[in-house]
Each structure stands twice: as C-alpha cells, then as structure tokens.
Amino acid sequence: MTEHDDYRTPRPTSGQWAALDRRQGPEPAPSTQEISAAQVRAESVPTPQGAAAAVKPPQIPLAPIKRVQARFNPLADGMMYLVVFLGGMLGTAMRYALSFALPATAAPDGFWSSFHVPTFTANMVACFVFACLASYLSQAAWIRKRTRQLTSRGIGMGMCGGFSTLSALAIEELVSLQADRIAAAVTYLLISFAGGLLVAYVGARLGLLAASRKTAKAAENALLLQRAKGGERHVTAGQTVVIAPDAADAAGAGAAAPPSYEPAPITDEIPLTGDPTTGEAR
C-alpha cells in the first residue's frame, strides 16, 4: 500500500447508479431553437385586454354614414319618353312635308343632280335650332330646371332629331356613287358637314347672345326695382349690369351708386364618406 491509497474515493457500483437515477427522475429533454407554427400563430394573435376581454364586450356605435341623395335618372322618367316621342313625330312630319315643298335635287341632271335640297335644308335647320336651343337653355337660369330638361329633350332630341336625317344622306351618296358621280357625291358630303358645323356655331353664338341679353335685362330690372325701394342690390360675380341713362334718371340719378361686385360665398357642402369599420368620416 502506498501513501496515496488512503485518499482515493471509491467508485459507485451499478446498483448505486440505478438508485441515484430513480431519486433524480428522468433526464430533461435538451432545449432546441425550433418553434412550431402553432406557437408562432399563438404569439402573433393579440389577446383582448380590459373591457374587450369580457364575455360580452361593450358595443361601440359607429358614426352614421352620410345619406346619398337620389340622382335624376332620365331612363326612369316616363315624361322624357313622351316628349321625345311627340317631338320626333313632329320633326318627321315636317321633313316629309319639306320633301314636297322643295325640289328633290338642285338640277335634273349633271353635277348638281347629286345635291338633294330637302335633305340638305332639313339638316342645316336642325343643326341651327339644336345648337341655338342648347346654348340658350344652358344659361337660362330663370327657367325651371324641369322645364329646361323637357324642352331640351322634346325640341332638341325629339323634333330636331326627327327633322334631320343621316340615313337619307347616306342613301343619296350611295346612289350617286353607283351612277359614277363620285366628285358630285364627295362635294355634297363635304358641303353638308361643313355647312352643319357652320350653322351650329352661328346658332350657339346667337343662343348665348340672347341668353346674356335676357340675364342683363333681368338684372337691370331687379336693380332698378331695388333702388326704387331705397335699398341696395347685391350682384354676384359673373353678372354684368348695364343701366341705361333714361332708366337711371327715372329711378333717381342723384342717388345712383355703382353696385357691389363682391363674389358670392361658396356654400357647397363637401361630400363625406363614412368608414364602416372605424366610423370616421373622410
């Protein structure tokens, strides 16, 4: 025996190891870095807190959505169909009567035999009337909106649409082409389109001129009436008031003062759209 034998620790036997394992229990599983998808979803989904975690959470009323106003639908208006039908019937009858009142062509034969007078006259008159009426009604604020709508559809779309004819123009062009009068057919077509644009422009200018004179006359009468009562007349921006010298003397030239041309305040309501989720109006 050496001097170091007294300090050696005896090794436990297999039975002692088994007893030690039974006392300590099973060895814990080693930790890993793998996370399952279920754990990720569970951690990412927020859990309600406070009053929202109750069985019956309180109901928060949303802001009311602005009511949408009903718009005018011409397809659902029976009166529109009626005025267009009556106007078209009148315009068609007028064009049929015009074919008897005027000669069929400008010449019995030759180059100008392809120029059909009744068709050309009907198209020019319809372009002029429609343009003049449309421009006048667009500025006629003193006429009720419903009256302007019925007049525009009845006279413009109905009567002018029935009085003018593009189908007859196409048939006349085909007949001229079949007769080998190509130059005459092209000339008649160009004159028809150019003349239509020209008379439409003249009609639109005359309609605007008539509407502006009517507006100026109405504003002048209102201003003179207001001054006769001793008050002041407010003229909105965009209106032109012309006072004749004799009318100003009749109303009192000594107290005549230039009208105020201050612009009218903008009071149009800005449309709002409500968010059904948050209730916020944007």
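It should be emphasised that the depicted structure is a prediction, and the values quoted were computed from it without experimental measurement. (Residues numbered from 1 in each chain as written. Predicted model: local features only at pLDDT ≥ 70, side-chain atom pairs only at ≥ 80, totals over all residues. Heavy atoms only, no water.)

Further remarks concern the overall build of the chain. Counting its regular elements, the chain contains 8 helices and 0 strands. Put simply, the chain runs from its N terminus to its C terminus through helices and strands in the order α-α-α-α-α-α-α-α. Buried residues in the chain amount to 21% of all 282 residues. Put simply, of all contacts in the chain between residues at least 6 apart along the chain, 64% involve residues at least 24 apart. Accessible area of the chain: about 21300 Å², with a carbon and sulfur share of 63%. (Helix = DSSP H or I, 4+ residues; strand = E, 2+ residues; numbered from the N terminus. Buried < 20%, exposed > 50% of the residue type's maximum accessible area, 1.4 Å probe, protein only. Contact = heavy atoms within 4.5 Å. Areas by Shrake-Rupley, 256 points an atom, 1.4 Å probe, with all protein chains shown as cover.)

Together, Met79, Leu82, Phe85, Leu86 and Met89 make up a nonpolar patch on the protein surface, roughly 480 Å² of accessible area in all. Tracing the sequence through the fold places Met79 in helix 3 (residues 78–101). (Patch = residues over 30% accessible without salt bridge, like charges linked within 9 Å, V, L, I, M, F, W, Y side chains within 5 Å. Salt bridge = Lys/Arg side-chain N within 4 Å of Asp/Glu carboxyl O.)

Its 12 residues give helix 6 (residues 167–178) an end-to-end C-alpha distance of 17 Å, which sits within 8% of 16 Å, the value for a rise of 1.5 Å per residue. All of the buried residues along helix 6 are Ala168, Leu169, Glu172, Glu173 and Ser176. Projected onto a plane normal to the axis of helix 6, the buried residues spread over an arc of 135 degrees and lie on a single side. Away from its buried face by more than 90 degrees, helix 6 exposes Ser167, Ile171, Leu174 and Gln178. (Expected span 1.5 Å × (residues − 1). Arc of directions from axis to C-beta.)

Glancing now at the environment of Ala101. Looking at the element boundaries, Ala101 is found in helix 3. Residues Ala101 and Pro118, 17 residues apart in the sequence, show an inter-C-alpha distance of 8.3 Å.

The subject of this paragraph is the packing of aromatic side chains. The final tally for this structure, using the stated rule, is 6 aromatic pairs. Aromatic side chains Phe111 and Trp112 sit 5.3 Å apart centroid to centroid with 85 degrees between the ring planes, which places their arrangement in the edge-to-face category. Owing to a relative accessible area of 40%, Phe111 belongs among the partly exposed residues under this scheme. For Trp112, a relative accessible area of 44% puts it in the partly exposed group. Residues Tyr136 and Trp142 carry aromatic rings whose centres are separated by 6.0 Å and whose planes lie at 80 degrees to one another, so their mutual orientation is edge-to-face. With relative accessibility at 24%, the residue Tyr136 sits in the partly exposed group. With relative accessibility at 36%, the residue Trp142 sits in the partly exposed group. Aromatic rings pair up to connect Phe111, Trp112, Phe115, Phe120 and Tyr188 into one cluster. (Phe/Tyr/Trp six-rings, centres within 6.5 Å; stacked < 30°, edge-to-face > 60°.)

This part covers the environment of Leu98. Relative to the assigned elements, Leu98 resides in helix 3. Taking relative accessible area as the criterion, Leu98 reaches 17% and is therefore assigned buried. Contact partners of Leu98, with chain neighbours within four places excluded, come to Pro118, Thr121, Ala122 and Phe163.

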